[in-house]
Amino acid sequence: MEREKPLIVITGPTATGKTDFSIKLAREIGGEIISADSMQVYKGLDIGTDKISKEIREEIPHYLIDIREPDKPFSVADFVREADKAIAEIRKKDKYPIVVGGTGFYIRALLYGLPDVPPGNEEIRKELKKLSNEEIYNLLLEVDRESAERIGKKDRKRLIRAYEVYKLTGEPLSSFKFPEKPRYRFLGYFLYRNRPELYRRIENRVDSQIERGLIDETKWLLQFGKDITAFQALGYKEILNYIEGRKSLEEAIRLLKRRTKQFAKRQFTWFRKEPKFKWVNLSEIPEEKLIEMIKIDLRDLPGS
């Protein structure tokens, strides 16, 4: 077991450059990539989630991309199960599994395992679906303020899940803790950039998404309905405001840029609670130097 290649986890806020760096790293050390992006699992969400090109995926295998139809559910438990399979497959090839993405909850669940919470309950979910986000948020606020404030009013799926757990157990979701012992040996790196540069990259990325066809992609996604999980991905709801005439295109783009920056802030907050991750500022440290740092860390990792 100790001789198996460790996981390398590359995470950080959106638009930092995680994907491009992971490809360079995979080429350099002999790795294959597992996406830890909760929305890249869905087929057709190419522009809104900035999926890597099929040409690159032919060169370097990527796992957990395009494995679900947009109207099918995909849970964190599904992610852990599929990622475990991918890790085993990559290790059989004597390659390094490189986990890349910004969905912190998925990464923590993969590394440590899931809290012992009950499975979903369709009756409770059916009742909650009749309520607005604001109403669910207020219900959750009364019984689990910590989870309500952490989730916020916009993430409908997680609000429903948090209140569902309380209804099933009588305990707040925030009382269910992740296991402390890692399931895998791993090296974790949180990549970021100075705020002005990061915000400039976010704005440029949104502009690029619009130019590449995000509006048409949103119209295509509408055929599956507005209440599917895939529609929670950044970009689609904002552009829907434009498609349905509630906002001008300029206003929708401005809103998307603002929400993407807010999302990046939440990613910073999440990973401050992950003590085993090294923080690397790509505004100051060249990617080539980081690759050398990772090589040294791999060499010095106990059991390697």
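Draft legend 1. Examining the sheet that holds strand 6 (residues 277–281) more closely. Sheet architecture is open: six strands sit in the order 3-2-4-1-5-6, paired in parallel fashion. Each edge of the open sheet carries a strand with a single partner, namely strand 3 (62–63) and strand 6. Pairing of strand 5 (residues 186–192) with strand 6 involves five bridges; the strand directions are parallel. Across the sheet, residue Phe190 finds its bridge partner in strand 6, namely Trp279. Along the sheet face, helix 12 (residues 249–271) touches strand 1 (7–11), strand 5 and strand 6 and points at about 145° away from the line of strand 5. Contacting strand 1, strand 4 (96–100), strand 5 and strand 6, helix 13 (residues 287–300) runs over the sheet at an angle of about 160° to strand 5.

Draft legend 2. Examining the packing of helix 9 (residues 195–212) against helix 12 more closely. Look at helix 9 against helix 12: their axes get within 10 Å of each other, and the N-to-C directions meet at 135°. As far as their axial angle goes, helix 12 and helix 9 are oblique. In this structure, helix 9 meets helix 12 at a crossing whose hand is right-handed. In this structure, helix 9 uses Arg195, Leu198, Tyr199, Ile202, Glu203, Val206, Asp207, Gln209 and Ile210 to contact helix 12, whose residues at the interface are Ile253, Leu256, Lys257, Thr260, Lys261, Ala264, Lys265 and Phe268. Here the contact of helix 9 with helix 12 is composed, by residue class, of nine nonpolar, two polar and six charged.

Draft legend 3. Structural view of the packing of aromatic side chains. Inspection of the entire model under this criterion finds 15 aromatic pairs. Relative to Phe224, the ring of Trp220 lies with its centre 5.2 Å away and its plane at 70°, an arrangement referred to as edge-to-face. Given a relative accessible area of 23%, Phe224 falls into the partly exposed group. Against the face of Tyr96 rests Lys5, its NZ or CZ located 4.4 Å from the ring centre. Sitting over the ring of Trp270, Lys273 keeps its end group 4.8 Å from the ring centre.

Draft legend 4. Broad picture of the nonpolar core. Membership of the largest hydrophobic core comes to 53 residues, with the highest contact counts inside it found for Leu7, Ile34, Phe79, Leu110 and Leu111. Of all the secondary structure elements, the ones that give two or more residues to this core are strand 1, helix 3 (76–92), helix 4 (104–112), strand 5, helix 9, helix 10 (214–221), helix 11 (236–243) and helix 12. Take this core: its biggest share by element is seven residues, from helix 3. With 25 residues, the next largest nonpolar core counts Phe21, Ile52, Leu282 and Leu301 among its residues.

Draft legend 5. Inspection of the packing of helix 11 against helix 12 at higher detail. At a minimum axis separation of 8 Å, helix 11 and helix 12 run at an interaxial angle of 165°. It follows from the interaxial angle that helix 11 and helix 12 lie roughly antiparallel. Our pair here, helix 11 against helix 12, has a crossing hand that is right-handed. Residue-level contacts link Glu238, Asn241 and Tyr242 of helix 11 to Leu249, Ala252, Leu255, Leu256 and Arg259 of helix 12. Residue classes in the contact of helix 11 with helix 12 are distributed as five nonpolar, one polar and two charged.

Draft legend 6. Molecular detail of the environment of Ile56. As for its position among the elements, Ile56 is in helix 2 (residues 54–59). When the C-alpha positions of Ile56 and Arg150 are compared, they lie 36 Å apart, and in sequence the two are 94 residues distant. Ignoring anything within four residues of it in the chain, the contact list for Ile56 reads Ile23, Arg27 and His62.

The rules behind each value
Residues numbered from 1 in each chain as written. Predicted model: local features only at pLDDT ≥ 70, side-chain atom pairs only at ≥ 80, totals over all residues. Heavy atoms only, no water. Pairing = 2+ DSSP bridges. Helix = DSSP H or I, 4+ residues; strand = E, 2+ residues; numbered from the N terminus. Contact = heavy atoms within 4.5 Å. Axes fitted to C-alpha atoms, helices over the stretch in contact; angles between N-to-C directions. Parallel < 35°, antiparallel > 145°, perpendicular 65-115°, else oblique. Left-handed = near helix turned anticlockwise from the far one by under 90°. Nonpolar A, V, L, I, M, F, W, Y, C, P; charged D, E, K, R; others polar. Phe/Tyr/Trp six-rings, centres within 6.5 Å; stacked < 30°, edge-to-face > 60°. Buried < 20%, exposed > 50% of the residue type's maximum accessible area, 1.4 Å probe, protein only. Lys NZ or Arg CZ within 6 Å of the ring centre and 35° of its normal. Core = buried A, V, L, I, M, F, W, Y, C linked by side-chain atoms within 4.5 Å.

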